[in-house]
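Structural features, examined
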Amino acid sequence: MKCFSMPSNSAFRRSLLLVTAALFIGLSGFAQILTFDFAGAAGNEATWPSNSNDARLTSSVISRSPALYPALTAGIFNSTGWAGPHNASPDPNRYLEFTITPLPGKKFSITLLTFTYRRVVGITAPLKMVIRTSADGFTSNVGGIVNFPNNVNDFLPHTTTRNFSILDQQTPLTIRFYPYNAQPTWGGQFGLGSNIGNDIIVNGTTQDLSTTVQFVNTASTVTEGGGPVDLPLSIINPSSTTPTSVTISKTDILITANFLYLNNCISICVDTYTAV
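Conventions and cut-offs
- Residues numbered from 1 in each chain as written.
- Predicted model: local features only at pLDDT ≥ 70, side-chain atom pairs only at ≥ 80, totals over all residues.
- Heavy atoms only, no water.
- Helix = DSSP H or I, 4+ residues; strand = E, 2+ residues; numbered from the N terminus.
- Buried < 20%, exposed > 50% of the residue type's maximum accessible area, 1.4 Å probe, protein only.
- Areas by Shrake-Rupley, 256 points an atom, 1.4 Å probe, with all protein chains shown as cover.
- Salt bridge = Lys/Arg side-chain N within 4 Å of Asp/Glu carboxyl O.
- Core = buried A, V, L, I, M, F, W, Y, C linked by side-chain atoms within 4.5 Å.
- Contact = heavy atoms within 4.5 Å.
- Pairing = 2+ DSSP bridges.
- Phe/Tyr/Trp six-rings, centres within 6.5 Å; stacked < 30°, edge-to-face > 60°.
- Lys NZ or Arg CZ within 6 Å of the ring centre and 35° of its normal.
- pLDDT = per-residue confidence, 0-100.
- Polar contact = N/O pair within 3.5 Å; in protein donor to acceptor, adjacent residues only side chain to side chain.

1. With respect to the overall build of the protein
What the protein contains, in helices and strands, is 0 helices and 21 strands. With 276 residues in all, the protein has 46% of them scored as buried. Working note: accessible area of the protein is about 13000 Å², and carbon and sulfur atoms make up 53% of it.

2. Looking at unusual backbone geometry
A positive phi is found at Asp168, a non-glycine position, where the angle reads about 50°. The residue Asn181 is not glycine, and still its phi comes out positive at about 60°. On the secondary structure map, Asn181 appears in the loop between strand 14 (173-180) and strand 15 (189-192).

3. A few points about the pattern of salt bridges
Counted by the stated rule, this structure contains 5 salt bridges. The shortest N-O distance in the salt bridge between Asp208 and Arg56 comes to 3.0 Å. Taken together, the residues span a long stretch of sequence, with Asp208 in strand 16 (residues 200-208) and Arg56 in the loop between strand 5 (52-53) and strand 6 (61-64) at a distance of 152 residues. Of the charged contacts in the structure, one is a salt bridge between Asp168 and Lys107, with a shortest N-O distance of 3.4 Å. Of this pair, Asp168 sits in strand 13 (residues 158-169) while Lys107 is found in strand 10 (residues 106-119), placing the two residues 61 residues apart along the sequence. Here Lys107 falls in the buried class, since its relative accessible area comes to 17%.

4. What to know about the nonpolar core
Within soluble globular proteins, side chains that are nonpolar generally end up buried alongside one another. If you look at the biggest cluster of nonpolar residues, it comprises 35 residues, and the most contacted ones within it are Phe98, Leu113, Phe115, Phe177, Leu192 and Ile200. For this core, the elements supplying multiple residues, two or more each, are strand 3 (31-36), strand 9 (96-100), strand 10, strand 11 (128-133), strand 13, strand 14, strand 15 and strand 16. Among the elements that make up this core, the one with the highest residue count is strand 10 (5 residues). When neighbours within four sequence positions are excluded, Phe177 is seen to be in contact with Arg94, Tyr95, Leu96, Phe98, Leu113, Phe115, Met129, Val130, Ile131, Leu192 and Ile200. In terms of nonpolar packing, the next biggest core, distinct from the first, is built from 5 residues, Tyr95, Val130, Tyr178 and Tyr180 among them.

5. Focus on the sheet that holds strand 12 (residues 146-147)
The strand order 4-6-9-14-11-12 describes an open sheet built from 6 strands, whose pairing is antiparallel. Of all the strands in the sheet, the pair left with one neighbour each is strand 4 (47-49) and strand 12. Across 3 bridges, the pairing between strand 6 and strand 9 is antiparallel. For Ser63, the partnering residue across the bridge sits in strand 9 and is Glu97.

6. A closer look at the pairing of strand 15
Relative to strand 15, strand 8 (residues 77-80) runs antiparallel, the two sharing 4 bridges. In the strand pairing of strand 15, Phe77 is matched with Leu192. Here strand 10 pairs with strand 15 via 3 bridges, running antiparallel. Looking at the pairing, Tyr117 lines up with Leu192 of strand 15.

7. Structural notes on the packing of aromatic side chains
One pair of aromatic rings is described through two measures. These are the centre distance and the angle between the planes. In this structure the tally under the stated criterion is 11 aromatic pairs. On the basis of an interplanar angle of 35° and a centroid distance of 6.3 Å, the ring pair of Phe98 and Phe177 is categorised as tilted. Of this pair, Phe98 sits in strand 9 while Phe177 sits in strand 14, and the two are 79 residues apart along the sequence. For the pair formed by Phe98 and Phe177, the shared burial category is buried. Members of the aromatic cluster, each reached through a chain of ring pairs, are Phe36, Phe38, Trp48, Phe77, Phe98, Phe115 and Phe177. Here the guanidinium or amino end of Arg64 rests over the ring plane of Phe77, the centre of that ring lying 4.3 Å away.

8. Remarks on the confidence of the model for the protein
Averaged over every residue, the pLDDT of the protein is 77; the share at 70 or more is 66%. A low-confidence stretch, residues 1-29 (pLDDT under 50), is modelled with 104 contacts involving residues beyond four sequence positions or located in other chains. Here residues 262-276 is modelled with pLDDT under 50, and outside its nearest four sequence neighbours on either side it reaches 39 contacts, counting other chains as well.

9. With respect to the environment of Arg56
A residue is classified by how much of its surface remains accessible, and Arg56, at 16% relative accessible area, is buried. C-alpha of Arg56 to C-alpha of Gly105: the two residues are 49 residues apart in sequence and 8.8 Å apart in space. At 3.1 Å, the side chain of Arg56 forms a polar contact with the side chain of Thr206. Of the polar contacts made by the side chain of Arg56, one reaches the side chain of Asp208; its length is 3.0 Å.

10. Quick word on the environment of Thr101
Secondary-structure assignment places Thr101 in the loop between strand 9 and strand 10. Thr101 sits 45 residues away from Arg56 along the chain, and the two C-alpha atoms are 8.9 Å apart. In contact with Thr101, not counting residues within four places along its chain, are Leu57, Thr58 and Pro172.

Laid out in structure tokens, this is it:
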């Protein structure tokens, strides 16, 4: 927050009503904003990093829940232990997950998730899977149930997609995969990956948040000749490179000021007062 002073004037008996801020918004088209490639993985790693991410996002890692066990299979992120007490429905304690995190002052939207999976031990591996997100506390399925082919000899990778409608997300979002309906005991082995190209692809957009300007208190008044008055000004999501222009006008008063947000401090670049 930055305060600036203005000489007294009879117009200050009235509230300042008009504030115009220049908004600087960066856009990107619908594209891949985050990907994972498990080529080179042994399969039993505790985590695996993303191989690409949009410049407005941080990198991510995928991990498995504590109820699962890592399993060796080259080129995928593999796990066993899928059979649990809730085997006929998704077990809230058995999942794979990764988180999409925007940088400060950024937001993202998700339109499509593409992923490749393998049922490594087909005779006992899960036959179904759902995808859920932290947007609603992992309660609803995204795009319905994924049904796996019930073929004991099918060890090949399969690719599928799910449509998303996550819009203007400004905070981290976690996506979880819940395979279930595995055979008793260990529940076979199931992993994400194919050892060929990107295995998880998140499509969507990223944006810079809009810069907004507002007065903390717009009812400040001063009697004529009573001296200057401070107008506390709040600039939200300021650009770190481009000054935010603010124009205040009221009949016979015109003030123009440019503010630049650098190193967590707002400084006045230009501060002029013109009586008109």
